[in-house]
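# Understanding the architecture of this molecule
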2 protein chains.
Amino acid sequence: MNAAKATRMSADDRRELVIAAATRAFARGGYAGTSTDAVAREAGVSQPYVVRMFGTKLELFLEVFERAVGRIRDAFAAVLDDDPFDPASDDDRARMGIAYTELLRDQDFLQVMMHGFSAGGVPEISAAARRCMGEVFATVRRTGWDDEETRDFIAYGMLLNVMISMRAHEHLGEGDPLTALTTCAFGDALEMLESPA
Amino acid sequence: MNAAKATRMSADDRRELVIAAATRAFARGGYAGTSTDAVAREAGVSQPYVVRMFGTKLELFLEVFERAVGRIRDAFAAVLDDDPFDPASDDDRARMGIAYTELLRDQDFLQVMMHGFSAGGVPEISAAARRCMGEVFATVRRTGWDDEETRDFIAYGMLLNVMISMRAHEHLGEGDPLTALTTCAFGDALEMLESPA
DNA sequence: TTGACATGTTATCAGTCGATTACTTATCGT
DNA sequence: ACGATAAGTAATCGACTGATAACATGTCAA
């Protein structure tokens, strides 16, 4: 008997599967540059099913985007919840940095996030972007850092996101100015980008 | 006599006009989210003319993108060329910061830049993004700052670009976490965003 | 004046898009 | 076994997209 046929899935499971596929698809093409059909093919279901499951492409993107940023926010929150955090401790600062570095394994989330952040032309998306960015800021703020230090931490993260979005780590070459910036920005975390072991 | 009719323009002038219109259009919708017809309407010409002038929509976007980043790079270069630059001077560091805040008046350039930086899914665009980012890094590096300080300067700029793309400055509200980040990130430069006088 | 070239436009096309409708089939309680 | 409900697909639509071809008109040198 062929397992490819006939077996069904609960709507919830299928929904998760489609969201995961949509995350990969939107990471590549962004909101406007990704068709619902591309998402459907990535998920192995029909295009109308994707649309009916989420209502519209916009609602699907918003779901994917909010989950992506939510995952990043939660990674920071986990650091704060796991152990006491000393805002003056360099070790604890490093813990937050490492939490971000771990996220580099899942570049799709970061790229979806950047697409959402850049999509100021779609009011619903930019509204979600503002809300999500606010949540991330509030979460990192829980470190006890002041506004300025929190801002600088997030700024550094934005640079890394941009570098990943332009695939800087896949085009390292000696003497290239961008390579200098890439190695300087990622440091040891560069390994995280090459071998997602 | 009606000036709207009959008067023609040199192709070069018209080209500049279309590029300016395309900058506004792409700033709103990005590459995939902006049709050549939208650009044509913004420029007041026909859609086929826009296509024929640049060959393809991709070539038009690349031209617009490279000009946008070029303008930013040149703003930094101008600071370095105008007067001697002391890498250890806080005043000179402020000069570079101010050069960037001046760019906040033309948010279209910054948004086009962010769209290009995020468009990793289009190889030609991400290749241009890497090259342009490398040029910006090399230019800022001319301050005499080391890699790390240059990196932090650019990271801060990326944060501001992201905040602008999500229109944070147009949605300031008391008690909002994002508002805290916005005021903290832009500081006095916030005025630059409201009244482009 | 004229004719050649540059500056544009109108008409049109094949492909793609998001969405709707109608239909099919698996699953499960009774 | 069976009927109701949930899970999914095939077919199709009108709108839009980027691009091409054919055509029209302003401009300028001779």
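Residues numbered from 1 in each chain as written. Chains lettered and ligands numbered in written order. Predicted model: local features only at pLDDT ≥ 70, side-chain atom pairs only at ≥ 80, totals over all residues. Heavy atoms only, no water.

For the rest of this paragraph, the subject is the confidence of the model for chain A. On average, residues of chain A carry a pLDDT of 94, and 95% of them reach 70 or more. Within the model, pLDDT remains below 50 along residues 1-5 of chain A, and this stretch shows zero contacts once partners closer than five positions in the same chain are excluded. (pLDDT = per-residue confidence, 0-100. Contact = heavy atoms within 4.5 Å.)

Let's shift gears to the protein's contact with DNA strand D. Taken together, the neighbourhood of DNA strand D is formed by 21 residues, with R14 and R52 of chain A together with R8, T36 and K57 of chain B sitting nearest. In DNA strand D, atoms within 4 Å of the protein come 57% from sugar and phosphate. At 2.9 Å from a base nitrogen of DNA strand D is found a side-chain nitrogen or oxygen belonging to R8 of chain A. At 2.8 Å, a backbone N or O of A11 of chain A approaches a phosphate oxygen of DNA strand D. Sorting the residues of the surface near DNA strand D by element identifies α1 (11-29) and α3 (47-54) of chain A together with α3 (47-54) of chain B as the ones contributing at least two each. For the surface near DNA strand D, the element with the most residues is α3 of chain B, which contributes four residues. For the surface near DNA strand D, the class distribution of residues is eight nonpolar, seven polar and six charged. (Near = heavy atom within 4 Å. Polar contact = N/O pair within 3.5 Å; in protein donor to acceptor, adjacent residues only side chain to side chain. Helix = DSSP H or I, 4+ residues; strand = E, 2+ residues; numbered from the N terminus. Nonpolar A, V, L, I, M, F, W, Y, C, P; charged D, E, K, R; others polar.)

All names here are of chain B. Here the structure, examined in full by the defined rule, presents one cavity of 30 Å³ or more. Of all the secondary structure elements, the ones that give two or more residues to the lining of the largest cavity are α4 (57-82), α6 (107-118), α7 (123-141) and α8 (147-165). Considering only residue class, the lining of the largest cavity consists of 10 nonpolar, two polar and no charged. (1 Å grid on protein atoms, 1.4 Å probe; cavity = no way out; pocket = protein on both sides within 12 Å on 5 of 7 lines; lining within 4 Å. Points joined across faces, edges and corners; volume = space filled by probe spheres on them.)

A few words on the domain arrangement of chain A. All names here are of chain A. Along its sequence, chain A is carved into domain 1 (11-166) and domain 2 (167-197). The C-alpha-based centres of domain 1 and domain 2 are spaced at 21 Å. Summed over both partners, the interface of domain 1 with domain 2 comes to about 1300 Å²; 63% of that surface belongs to carbon and sulfur atoms. The largest share of the area that domain 1 buries against domain 2 comes from R105, M163 and M166, three residues that together contribute 42% of it. Scanning the region where domain 1 abuts domain 2 turns up zero salt bridges. There are eight residue pairs in polar contact (both at pLDDT 80 or more) connecting domain 1 and domain 2. At the level of secondary structure, the elements contributing two or more residues to the side of domain 1 that touches domain 2 comprise α5 (90-103), α6 (107-118) and α8 (147-165). The greatest single-element share of the side of domain 1 that touches domain 2, amounting to six residues, is contributed by α8. A breakdown of the residues in the side of domain 1 that touches domain 2 according to their chemical character gives seven nonpolar, four polar and two charged. (Domains from an automatic or database assignment. Buried area = accessible area lost by both parts, 1.4 Å probe. Salt bridge = Lys/Arg side-chain N within 4 Å of Asp/Glu carboxyl O.)

This paragraph deals with the protein's contact with DNA strand C. Taken together, 21 residues surround DNA strand C, and among them R8, T36 and K57 of chain A together with R8 and R52 of chain B come closest. Take the atoms of DNA strand C that sit within 4 Å of the protein: sugar and phosphate atoms are 56% of them. In the model, a phosphate oxygen of DNA strand C is placed 2.7 Å from a nitrogen or oxygen of the K57 of chain A side chain. Between DNA strand C and the protein, one listed contact pairs a phosphate oxygen with a backbone N or O atom of M9 of chain B at 3.1 Å. Of all the secondary-structure elements, those providing two or more residues to the surface near DNA strand C are α3 of chain A together with α1 (11-29) and α3 of chain B. The class makeup of the residues in the surface near DNA strand C is seven nonpolar, eight polar and six charged.

Taken as rigid bodies, chain A and chain B are interconverted by a rotation of 180° and an axial shift of 0.0 Å, the fit giving an RMSD of 0.0 Å. One copy is carried onto the other by what is essentially a two-fold rotation axis. Both copies share a contact surface, since 100% of the interface residues of chain A are interface residues in chain B too. (Least-squares fit on C-alpha atoms with pLDDT ≥ 70 in both.)

Moving on, we come to the nonpolar core. Among the nonpolar cores identified, the biggest contains 137 residues, and F117, M133 and M158 of chain A together with F117, M133 and M158 of chain B are the most heavily contacted of them. Each of two domains, domain 1 (11-166) and domain 2 (167-197) of chain A, supplies a minimum of three residues to this core. Filtering out sequence-adjacent residues up to four positions away, F117 of chain B remains in contact with V162, S165 and M166 of chain A together with F65, A129, M133 and M158 of chain B. (Core = buried A, V, L, I, M, F, W, Y, C linked by side-chain atoms within 4.5 Å. Buried < 20%, exposed > 50% of the residue type's maximum accessible area, 1.4 Å probe, protein only.)

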